[in-house]
Amino acid sequence: MRRVMLHLGFHKTGTTAAQSFLFENRELIWPQYALVLPFRTRKTGLADAATHFSIYGTHDALTAFSNQMRKMLCTLDLGARRGLILSEENFSGLRPSRNPAVGYEAAPDLAACLVGLIRNRFANERMEITLYLSLRRRSDWLRSLWAHDLRRTRLLLDFSTYQERLTTIQSPEDAANAIRDHLPNVDVRTRWLEDLREQPLGPGAPFAEFLGMSKDQVGKLVTPSHTNPALPDTVLSEMLALNRSTLDEGELFRQKKALDRHAQNDLIGTE
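On a predicted model such as this, the values are computed, not experimentally measured, just so you know.

Novice: I'd like a rundown of the packing of aromatic side chains, residues and numbers included.
Specialist: All told, the structure shown has six aromatic pairs when counted by the stated rule. Where Tyr 33 meets Phe 210, the ring centres are 5.5 Å apart and the plane angle is 50°; that geometry is what we call tilted. With a gap of 177 residues between them, Tyr 33 in strand β2 (residues 33–36) and Phe 210 in helix α11 (residues 205–211) connect regions that are remote in the sequence. Using a relative accessible area of 3% as the deciding quantity, one classes Phe 210 as buried. Relative to Phe 207, the ring of Tyr 132 has its centre 5.6 Å away and its plane inclined at 85°; by these criteria the two rings are edge-to-face. Taken together, the residues span a long stretch of sequence, with Tyr 132 in strand β4 (residues 127–135) and Phe 207 in helix α11 at a distance of 75 residues. Judged by relative accessible area, which is 0%, Phe 207 ranks as buried.

Given below as structure tokens:
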């Protein structure tokens, strides 16, 4: 049976660590599963096509994504038995903090499109599709979005005001339920980031379970080395102050990068 796992997000729910796990264990995974990770989906424009649809919601935008995805699937070396694992959070749409009027409303249509393309790619074969979505408690998720925007943009809002601005958007759990309702015949699985952090393989655990490896093979899997650890509140306050300063964009970027680097080093104990 051909097995496929589609990890479609959500943003700020451990996706970086999940993708790191898949990449760092690729030599063990590849004999049974092809991998499609953000390096490929973003380099080829697939992620942009998905977020474009989430912004505009037009038939033409979804068709453009579908056509690009179909072409990519045809390039994969899947042989007679190899399955597929895909991980790309932007396939659920644009990060909600960038488009709070819409949030994850496009996620069910994007998921349905992907499932349809996979079924067509393996037409007349026995197959199993698992759609996996990582979740996070709403308050922690919003704070992570705020921290991300503080670091990457000149965000001027404190967290309380930022949180109010995003009051109406779906939480990851609500978005997952909307996808499940839209695809009643698909195995839609969810895991909470808070629980995965207690697992030896962290956000990689759901993939290890899906792979169905022997005990010896599982013992060879490595934990993800690339994660996005939460920055301390003091550092986030400093970033907010920098954003609100009169620094030009170049100097602002330099100072925030230095602050971020020192904070990351402190978190992992290298300084």
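Novice: Account for the nonpolar core, naming residues and giving values.
Specialist: Counting residues in hydrophobic clusters, the biggest one holds 61 residues, and the most contacted among them are Leu 6, Leu 8, Phe 65, Met 69, Phe 91 and Leu 131. Among the elements that take part in this core, helix α6 (residues 107–121) stands out by supplying eight residues, more than any other. Apart from residues lying up to four places away in sequence, Leu 131 is in contact with Leu 6, Leu 8, Ala 111, Val 115, Ile 179, Leu 183, Val 186, Asp 187, Val 188 and Arg 189. Formed by 19 residues, the second largest nonpolar core is a distinct cluster that contains Ala 18, Phe 21, Leu 196 and Met 213.

Novice: Give me the lowdown on the pattern of salt bridges, citing residues and values where you can.
Specialist: Pairs can form between side chains of opposite charge whenever their charged atoms are close. Evaluation of the coordinates by the stated rule reveals 13 salt bridges. Across the pair Glu 88 and Arg 42 runs a salt bridge whose closest N-O atoms are separated by 2.9 Å. On the criterion of sequence distance, the pair formed by Glu 88 in the loop between β3 (83–87) and α6 and Arg 42 in helix α3 (residues 38–43) is long-range, its members being 46 residues apart. Look at the salt bridges and you will find they share partners, linking Arg 42, Glu 88 and Glu 89 into a network.

Novice: I'd like to hear about the packing of helix α7 (residues 138–152) against helix α13 (residues 233–243), residue by residue, with values.
Specialist: At a closest axis distance of 9 Å, the pairing of α7 and α13 adopts a crossing angle of 45°. Taken together, the axis directions place α7 and α13 in an arrangement best described as oblique. Once α7 is placed against α13, the crossing between them reads as left-handed. Between α7 and α13, the contacting residues are Arg 143, Trp 146, Ala 147, Leu 150 and Arg 151 on the first element and Asp 233, Leu 236, Met 239, Leu 240 and Asn 243 on the second.

Novice: Residues and numbers for helix α5 (residues 59–75), please.
Specialist: Taking 1.5 Å per residue, 17 residues should reach 24 Å; α5 reaches 25 Å between its end C-alpha atoms and fits that length. Among the residues making up α5, those that are buried are Ala 61, Phe 65, Ser 66, Met 69, Met 72 and Leu 73. Take α5 and look down its axis: the buried residues cluster within an arc of 135°, on one side only. Away from its buried face by more than 90 degrees, α5 exposes His 59, Asp 60, Lys 71 and Cys 74.

Novice: Which residues make up the sheet that holds β4, and what values do they have?
Specialist: One open sheet holds the five strands; their spatial order is β2-β3-β1-β4-β5, and the pairing between them is parallel. Pairing within the sheet leaves two strands with one partner each, and these edge strands are β2 and β5 (187–192). Averaged over all pairs of adjacent strands, the angle between their axes in this sheet comes to 15°, without regard to strand direction. Across four bridges, the pairing between β2 and β3 is parallel. Along β3, the bridge assignment pairs Tyr 33 with Gly 83.

Novice: Could you give me a rundown of the packing of α5 against α6, with the residues and numbers involved?
Specialist: At a minimum axis distance of 10 Å, the contact between α5 and α6 shows a crossing angle of 35°. The handedness of the crossing between α5 and α6 is right-handed. Contacts between α5 and α6 involve Leu 62, Phe 65, Ser 66, Met 69, Arg 70, Leu 73 and Cys 74 from the first element and Asp 109, Leu 110, Cys 113, Leu 114, Leu 117, Ile 118 and Arg 121 from the second. The residue inventory of the contact of α5 with α6, partitioned by class, reads ten nonpolar, one polar and three charged.

Novice: Tell me what's going on with the pairing of β4, and back it up with residues and numbers.
Specialist: Most of β4 is tucked away: seven of the nine residues are buried. By the bridge criterion, six bridges tie strand β1 (residues 2–7) to β4 in an arrangement that is parallel. Bridged to Met 5 within β4 is Thr 130. As defined by bridge partners, β4 adjoins β5 across six bridges and the pair is classed as parallel. What sits directly across from Ser 134, in β5, is Arg 191.

What counts, and where the lines are drawn
- Residues numbered from 1 in each chain as written.
- Predicted model: local features only at pLDDT ≥ 70, side-chain atom pairs only at ≥ 80, totals over all residues.
- Heavy atoms only, no water.
- Phe/Tyr/Trp six-rings, centres within 6.5 Å; stacked < 30°, edge-to-face > 60°.
- Helix = DSSP H or I, 4+ residues; strand = E, 2+ residues; numbered from the N terminus.
- Buried < 20%, exposed > 50% of the residue type's maximum accessible area, 1.4 Å probe, protein only.
- Core = buried A, V, L, I, M, F, W, Y, C linked by side-chain atoms within 4.5 Å.
- Contact = heavy atoms within 4.5 Å.
- Salt bridge = Lys/Arg side-chain N within 4 Å of Asp/Glu carboxyl O.
- Axes fitted to C-alpha atoms, helices over the stretch in contact; angles between N-to-C directions.
- Parallel < 35°, antiparallel > 145°, perpendicular 65-115°, else oblique.
- Left-handed = near helix turned anticlockwise from the far one by under 90°.
- Expected span 1.5 Å × (residues − 1).
- Arc of directions from axis to C-beta.
- Pairing = 2+ DSSP bridges.
- Nonpolar A, V, L, I, M, F, W, Y, C, P; charged D, E, K, R; others polar.

Coordinates in, geometry out; function isn't part of it.
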